[in-house]
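Summary of the model geometry
Chain by chain, the residues:
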Amino acid sequence: MLQNIANVNLQYIIISVLCPRSSEHIHGLHPPTILEPQYNGSIGRAAAWADSYAHTKEGAFSYQWHWIDANDNPPELCNPYYRRDCTEGGCIVSAITNQTDILQECVDATKGGFLTGGTNLTCLYALKCVSYFLGDIIQPLHVSGIAAGGKFFNVTFGNHLTELHAVSLDDYIVYADSGVSKFSNISISPLMTELISRIQNDDSFEPTYQWLACSEPSTPLECALTWARESNAWTCDYVYSHVFNHTNLLTSGYAEGAYPIVELQINKAALRLGTWLNKLVHRDYKKDRQMILDTNPGRTGGPDQGAY
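Residues numbered from 1 in each chain as written. Predicted model: local features only at pLDDT ≥ 70, side-chain atom pairs only at ≥ 80, totals over all residues. Heavy atoms only, no water.

**Some thoughts on the packing of helix α12 (residues 220-239) against helix α13 (residues 254-282)**
- Look at α12 against α13: their axes get within 12 Å of each other, and the N-to-C directions meet at 175 degrees. As summarised for this structure, α12 and α13 are arranged roughly antiparallel, according to the angle between their axes. Together, Pro-220, Cys-223, Trp-227, Glu-230, Ser-231, Trp-234, Tyr-238 and Val-239 of α12 and Tyr-254, Gly-257, Ala-258, Ile-261, Leu-264, Gln-265, Lys-268, Arg-272 and Trp-276 of α13 make up the contact between the two elements.
- In terms of residue class, the contact of α12 with α13 is built from 11 nonpolar, 3 polar and 3 charged. (Axes fitted to C-alpha atoms, helices over the stretch in contact; angles between N-to-C directions. Helix = DSSP H or I, 4+ residues; strand = E, 2+ residues; numbered from the N terminus. Parallel < 35°, antiparallel > 145°, perpendicular 65-115°, else oblique. Contact = heavy atoms within 4.5 Å. Nonpolar A, V, L, I, M, F, W, Y, C, P; charged D, E, K, R; others polar.)

Spelled out as structure tokens, the structure:
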């Protein structure tokens, strides 16, 4: 869930990546802009909306947009397929695809002076969904179907009996890495400030150009699926690679090994989303976008037998 932890702070990193023109049209303080005035020109403060909305009666339809249930078998096989794993009603891959298409129309409307901040719900939803889902899709257990993304996989972390989903890239790992017990949801944390400098200095164990190998809003399905597969690889390579046996994941070495992975994934999401939004505003990409609406009612036995 990440909504008040890394995903909120992720949005503050994005502010440092957005170019001035993008900031003006996406979340500027003065119209025309998409974001409501109540967020005081900060996309970071709006970051939790998509998760909160999914837990309301009105937004319950979007609950499944936060993940794709890859039919994994770690450590031997981890690989999501769109036609197999994106079920009827959508998934994070189709949601990023469709909401990106909507958001482009909304950005164009702000550039034409036709939108006042907060007046178009469709545009608000698209901006908040795209911003949040690019944070969700970098989380390995949001792209794995095992034990409902680790929610039914019980583990121990410090003095807490919890589930793996909350540990892998959510509350516990990020808190422990930061050395704090609580993050503010209205300002950036010291850890995220450090991560900004790593983006700016290209100082990670993977070069930043690789993070943007797919970053064209003209191919949102291809990019979303590429990001999902990349994140899902960590499901085999790390998340389920340890034998837990009721060990304490905070002190067993699991958490320490996860810190650089978590930091890398957060930075990828920030740079990708900032780049994504910049390109939507500047329209410096190919215009052959195609909206993807169809999904299969189940994750097995699709028309292409799981092949994208």
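Resuming the write-up.
**Brief notes about the nonpolar core**
- Within the largest apolar cluster, 83 residues are counted, with the highest numbers of intra-cluster contacts made by Ile-34, Val-93, Leu-103, Ile-137, Leu-164 and Leu-277.
- In terms of residues, this core owes the most to one element, α13, which gives 16 residues.
- If we ignore the near neighbours within four places in the chain, the residues touching Leu-277 are Leu-18, Ser-22, Ile-26, Ile-43, Leu-103 and Leu-127. (Core = buried A, V, L, I, M, F, W, Y, C linked by side-chain atoms within 4.5 Å. Buried < 20%, exposed > 50% of the residue type's maximum accessible area, 1.4 Å probe, protein only.)

**Things to note about helix α6 (residues 121-136)**
- The terminal C-alpha atoms of α6 lie 22 Å apart, and with 16 residues this matches the ideal 22 Å at 1.5 Å per residue to within 8%.
- Burial analysis of α6 places 13 of its 16 residues in the buried class, which makes it a mostly covered element. (Expected span 1.5 Å × (residues − 1).)

**Some remarks on the pattern of salt bridges**
- Taken as a whole, this structure holds 9 salt bridges when the rule is applied.
- The salt bridge partner of Arg-84 is Asp-85, with a shortest N-O separation of 2.7 Å. The residues Arg-84 and Asp-85 share a single accessibility class, namely buried.
- In this structure, Glu-263 and Arg-198 form a salt bridge, with 2.5 Å as the shortest nitrogen-oxygen distance. Here Glu-263, found in helix α13, pairs with Arg-198, found in helix α10 (residues 190-201); they are 65 residues apart in sequence, far enough to count as distant. For the pair Glu-263 and Arg-198, a shared accessibility class is recorded, and that class is buried.
- A single network of salt bridges, built from pairs that share partners, joins Glu-206, Glu-230, Lys-268 and Arg-272. (Salt bridge = Lys/Arg side-chain N within 4 Å of Asp/Glu carboxyl O.)

**Observations regarding the side chain of Asn-232**
- Within the secondary structure, Asn-232 sits in helix α12.
- A polar atom in the side chain of Asn-232 sits 2.8 Å from the side chain of Asp-72.
- Within the structure, the side chain of Asn-232 is placed 2.7 Å from the backbone oxygen of Val-143, a separation counted as a polar contact.
- If we skip the residues at most four places from it in the chain, Asn-232 touches Ala-70, Asp-72, Cys-78, Asn-79, Pro-80, Val-143 and Ser-144. (Polar contact = N/O pair within 3.5 Å; in protein donor to acceptor, adjacent residues only side chain to side chain.)

**Let's talk about the state of the cysteines**
- For the structure shown, the criterion picks out 4 disulfides.
- Here Cys-214 connects covalently by a disulfide to Cys-223, the sulfurs 2.1 Å from one another. Since a negative S-S torsion denotes a left-handed disulfide, the Cys-214-Cys-223 link at about -90 degrees is left-handed.
- Residue Cys-214 is classed as buried on the basis of its relative accessible area, which comes to 11%.
- In the protein, the bonded cysteines, numbered by position in the sequence, are linked as 1-8, 2-3, 4-5, 6-7. (Disulfide = S-S within 2.5 Å.)

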